[in-house]
Amino acid sequence: MAGGTMNKAKIAIALPLLALLAACNMGADGNASSGDSAPGELAGARIGAPFTLTDQDGKPRGWDDFKGQYRLVYFGYTYCPDVCPVDLQRIMQAFAQFEKAQPALAAKVQPIFISVDPARDTPAILKPYVAAFHPRLIGLTGTPEQIAKVAKDFVVLYNVEGKPGDRDYLVSHSRTPYLFDPDGKPVALVPVDDPGTPDMDEGAPDKVLASLQKWVK
């Protein structure tokens, strides 16, 4: 698979937060995070907008279909060799613990995985991938144009790294897991590991669980 050092880019959002472009081929020692600040309140941030994409069953799913539910959203892609599966495993392990400890609250949360690699991530590819992490995880894909708009609306950066027409490529992308409230408004950043902070395991399941317990009411 194509390698190389991934470019980093920073984007300002409504609050004083920075989203950092992460490389899916980085190992544990070079893992980049989605933010320079700790997870916190995102009230008032301009993140998110209505969309209609296609789920892992080939059915159209809109952002408003999840109205009334908290939405735990992570952007990535199924061919990501390390970062995405590690992040998803930790997030969904924490969600499973949340279900066990507080099933009524967990029932109010919909985990969503949105692909930034629509060329390869068809519904047929997404279906077994999301099922491997949790039966309630929904995978969404779409046309390149649809994904580009959703990424822009959700303040997510991504970039295909490879030669035109090459099927063996990497996609560098920001990996901020967002938590939205039942009205679809951003609430908080869910923790992922950041090598620039003293806590190198801030994305561990217990930290993700604490974030869910803090914000889901």
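Right, let's walk through the structure included here.

So, how was this worked out
Residues numbered from 1 in each chain as written. Predicted model: local features only at pLDDT ≥ 70, side-chain atom pairs only at ≥ 80, totals over all residues. Heavy atoms only, no water. Helix = DSSP H or I, 4+ residues; strand = E, 2+ residues; numbered from the N terminus. Buried < 20%, exposed > 50% of the residue type's maximum accessible area, 1.4 Å probe, protein only. Contact = heavy atoms within 4.5 Å. Pairing = 2+ DSSP bridges. Phe/Tyr/Trp six-rings, centres within 6.5 Å; stacked < 30°, edge-to-face > 60°. Core = buried A, V, L, I, M, F, W, Y, C linked by side-chain atoms within 4.5 Å. Axes fitted to C-alpha atoms, helices over the stretch in contact; angles between N-to-C directions. Parallel < 35°, antiparallel > 145°, perpendicular 65-115°, else oblique. Left-handed = near helix turned anticlockwise from the far one by under 90°. 1 Å grid on protein atoms, 1.4 Å probe; cavity = no way out; pocket = protein on both sides within 12 Å on 5 of 7 lines; lining within 4 Å. Points joined across faces, edges and corners; volume = space filled by probe spheres on them. Nonpolar A, V, L, I, M, F, W, Y, C, P; charged D, E, K, R; others polar.

1. Here's the deal with the environment of Leu53
Step number 1: Note on placement: Leu53 falls in strand 3 (residues 52-55).
Step number 2: Judged by its relative accessible area of 2%, Leu53 is buried.
Step number 3: Taking C-alpha positions, Leu53 is 9.1 Å from Ile114, a pair spaced 61 residues apart along the chain.
Step number 4: If we ignore the near neighbours within four places in the chain, the residues touching Leu53 are Lys59, Pro60, Arg61, Ile114, Leu140, Thr141, Gly142, Gln146, Ile147 and Val150.

2. Description of the pairing of strand 3
Step number 1: Of the pairings in the sheet, the one linking strand 3 to strand 4 (residues 60-62) comprises 3 bridges and is antiparallel in character. When the sheet's bridge partners are listed, Leu53 is paired in strand 4 with Arg61.
Step number 2: The turn linking strand 3 back onto strand 4 is made up of 4 residues, and Gly58 within it adopts a positive phi angle of 80°.
Step number 3: Pairing geometry for strand 3 and strand 7 (residues 138-141), over 2 bridges, is antiparallel. Along strand 7, the bridge assignment pairs Thr54 with Thr141.

3. Considering the packing of aromatic side chains
Step number 1: Across all of its chains, the model carries 10 aromatic pairs by this definition.
Step number 2: Aromatic pair Trp63 and Phe180: ring centres 5.0 Å apart, planes at 85°, arrangement edge-to-face. Of this pair, Trp63 sits in the loop between strand 4 and strand 5 (70-76) while Phe180 sits in strand 10 (residues 178-180); the two residues are 117 residues apart in sequence, bridging distant segments of the chain. Accessibility assignment for this pair places Trp63 and Phe180 in one class, buried.
Step number 3: Summarising the aromatic geometry, the rings of Phe75 and Phe154 are spaced 5.8 Å apart at their centres and angled 55° between planes, so their arrangement reads as tilted. Placement of the pair is Phe75 in strand 5 and Phe154 in the loop between helix 4 (144-153) and strand 8 (158-161), with a sequence separation of 79 residues.
Step number 4: We classify Phe75 as buried; its relative accessible area is 0%.
Step number 5: Classification of Phe154 as buried rests on a relative accessible area of 0%.
Step number 6: Taken together, the aromatic side chains of Phe51, Trp63, Phe75, Phe154, Tyr178 and Phe180 make up a single cluster linked through ring pairs.

4. Details of the nonpolar core
Step number 1: Ile114 and Phe154 are the most contacted members of the largest nonpolar core, which totals 56 residues.
Step number 2: The leading source of residues in this core is helix 1 (residues 83-101), at 8 residues.
Step number 3: Excluding its chain neighbours within four sequence positions, the residues that come into contact with Ile114 are Phe51, Leu53, Val73, Tyr74, Phe75, Gly76, Leu140, Ile147 and Val150.

5. Some thoughts on the packing of helix 1 against helix 5 (residues 205-215)
Step number 1: Contact pair helix 1 / helix 5: the axes reach a minimum separation of 8 Å and the direction vectors enclose 55°. By the angle class used here, helix 1 and helix 5 are oblique. The two elements helix 1 and helix 5 meet at a crossing, and its hand is right-handed. For the pair helix 1 and helix 5, contact is made by Arg90, Ile91, Gln93, Ala94, Phe95, Gln97 and Phe98 and by Pro205, Val208, Leu209, Leu212 and Gln213, respectively.

6. What about empty space enclosed by the protein?
Step number 1: Here the structure, examined in full by the defined rule, presents 2 cavities of 30 Å³ or more.
Step number 2: Here the second largest cavity defines a volume of roughly 30 Å³.
Step number 3: In this structure, the second largest cavity is lined by Leu72, Tyr74, Leu88, Ile91, Met92, Pro111, Ile112 and Leu137.
Step number 4: For the lining of the second largest cavity, the leading source of residues is helix 1, giving 3 residues.
Step number 5: Residue classes in the lining of the second largest cavity are distributed as 8 nonpolar, no polar and no charged.

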